[in-house]
Amino acid sequence: MPSTAIPGPILLLGAPGSGKGTQAKELVKHWGIPHISTGDLLRANAAKGTTLGKASKEIMQRGELVPDSLVDDMVAERLEKPDTAKGYILDGFPRTLGQVAWLDGRLAAESGSLPVIAVMIQVDYNQLLRRITGRRICPVCQRIYNIYTNPPQRSGFCDVDGTRLVQRADDAEQVVAERMRAYAAMTAPVIEHYRGAGRFAEVNGDRAVEVVSAGIVAEVERMRKS
């Protein structure tokens, strides 16, 4: 049963492997608000062949970053939908100070809109490595294992269909380390912005899913009351 509280817009932050996707789903259930992922928006617009989708697809095919203006326009379009009235979980946006300024300005101009609260899911670096580099996937049934925390009964093979498990290329340790560095560098200015505004909190992600979710909810409710 969704909570009747009005959470407003929430920016969920977390390094690769922090469980951000899992927590987004839990928060959607708790508050009854949508999860807005810029990656999903880009893919959806590209698949539908919208004007924004065509423009972003051409840019990505050239190996370039989609500019803030295009991403802002996609998010603006999504925020017009009625399911965002109580709030929404932002994932992957804003990720630059330009996007932060655009979103803060938009919300400030809307009568009755709550400001963004940013919550970071913190997980120990070594634990993140174990979560990601230990991940193995069955290419047939897509079942996911972890050689450290959830290994298959027979090492290297799927319990369901006996297929040899594979490791995704971007789950290799060197790739993961680079992804972590890139994520930290990219999000640092955004974190400092919301920290300076008194709208930033950290929760310990090294706990059970429901405990982490409760921690996020408690931090959001605390900051909304302050």
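About the criteria used
- Residues numbered from 1 in each chain as written.
- Predicted model: local features only at pLDDT ≥ 70, side-chain atom pairs only at ≥ 80, totals over all residues.
- Heavy atoms only, no water.
- Helix = DSSP H or I, 4+ residues; strand = E, 2+ residues; numbered from the N terminus.
- Axes fitted to C-alpha atoms, helices over the stretch in contact; angles between N-to-C directions.
- Contact = heavy atoms within 4.5 Å.
- Salt bridge = Lys/Arg side-chain N within 4 Å of Asp/Glu carboxyl O.
- Buried < 20%, exposed > 50% of the residue type's maximum accessible area, 1.4 Å probe, protein only.
- Parallel < 35°, antiparallel > 145°, perpendicular 65-115°, else oblique.
- Nonpolar A, V, L, I, M, F, W, Y, C, P; charged D, E, K, R; others polar.
- Pairing = 2+ DSSP bridges.
- Phe/Tyr/Trp six-rings, centres within 6.5 Å; stacked < 30°, edge-to-face > 60°.
- Lys NZ or Arg CZ within 6 Å of the ring centre and 35° of its normal.

A.B. asks: I would appreciate a short explanation of the environment of G198 in the present structure.
C.D. replies: Mapped onto the elements of the fold, G198 is located in the loop between α7 (173–196) and β7 (200–204). Counting along the chain gives 41 residues from G198 to F157, while the straight-line C-alpha distance between them is 49 Å.

A.B. asks: How should I be thinking about the packing of helix α5 (residues 97–109) against α7 in this particular structure?
C.D. replies: Running from N to C, α5 and α7 cross one another at 35 degrees; their axes reach a closest spacing of 9 Å. Contacts from L97, V100 and D104 in α5 reach P189, V190, H193 and Y194 in α7.

A.B. asks: Just checking my understanding: could you explain the pattern of salt bridges for this structure?
C.D. replies: Pairing is possible between side chains of opposite charge, provided their charged atoms come close. Scanning the entire structure with this criterion turns up 14 salt bridges. Across the pair E26 and K29 runs a salt bridge whose closest N-O atoms are separated by 3.2 Å. Taken together, the residues E26 and K29, both in helix α1 (residues 20–31) and 3 residues apart, mark about one turn of the helix. Here D40 ties to R43 by a salt bridge, and the two come within 2.8 Å at their closest N and O atoms. In this pair, D40 and R43 are both assigned in helix α2 (residues 38–48), 3 residues apart and thus about one turn of the helix distant. Residue classification places R43 among the exposed positions, given a relative accessible area of 54%. A single salt-bridge network, built from bridges that share partners, covers R135, R168, D170, D171 and R179.

A.B. asks: Explain the packing of α2 against helix α4 (residues 68–79) here, please?
C.D. replies: Axes are the key here: two packed helices are described by the angle between their axes and the distance separating the axes. α4 packs onto α2 with a crossing angle of 90 degrees between their chain directions and a minimal axis gap of 10 Å. In terms of their interaxial angle, α2 and α4 are classed as roughly perpendicular. Residues T38, L41, L42 and N45 of α2 lie in contact with α4, whose contacting residues are V71, M74, V75, E77 and R78. A per-class count over the contact of α2 with α4 returns 5 nonpolar, 2 polar and 2 charged.

A.B. asks: Any chance you could explain the side chain of T38 here in plain terms?
C.D. replies: Tracing the chain through its elements places T38 in helix α2. What makes T38 buried here is its relative accessible area of 9%. In contact with T38, not counting residues within four places along its chain, are V71, V75, D91, G92 and F93.

A.B. asks: It is not clear to me how unusual backbone geometry should be interpreted in this structure. Could you clarify?
C.D. replies: For residues other than glycine, phi is negative in most cases, and the peptide bonds are mostly trans. Of note, the amide linkage connecting F93 to P94 takes the cis form, showing an omega dihedral of -5 degrees. For P94, the location among the structural elements is in the loop between β3 (87–91) and α5. Phi is positive for Q142, close to 70 degrees, though the residue is something other than glycine. Among the structural elements, Q142 can be located in the loop between β5 (135–137) and β6 (144–146).

A.B. asks: Is there a simple way to explain the sheet that holds β3 in this structure?
C.D. replies: In a beta sheet, neighbouring strands are held together by backbone hydrogen bonds and run either parallel or antiparallel to one another. Read from one edge to the other, the open sheet built from 5 strands follows the order β2-β3-β1-β4-β7, with strand pairing classed as parallel. Across the chains shown, the open sheet's two edge strands, defined by having one partner strand only, are β2 (35–37) and β7. Each strand of the sheet is rotated relative to its neighbour by a mean of 25 degrees, with strand direction disregarded. Across 3 bridges, the pairing between β2 and β3 is parallel. By the bridge assignment, I36 is partnered in β3 with L90.

A.B. asks: Can you walk me through the packing of aromatic side chains in this structure?
C.D. replies: Any pair of aromatic rings gets described here by the distance separating the centres and the angle formed by the planes. Taken as a whole, this structure holds 1 aromatic pair when the rule is applied. Between F93 and W102 the ring centres are 5.9 Å apart and the planes differ by 75 degrees, which places this aromatic pair in the edge-to-face class. Among the residues examined, F93 registers a relative accessible area of 1% and is labelled buried. Geometry around F157 places R154 over its ring, the cationic atom sitting 3.8 Å from the centre.

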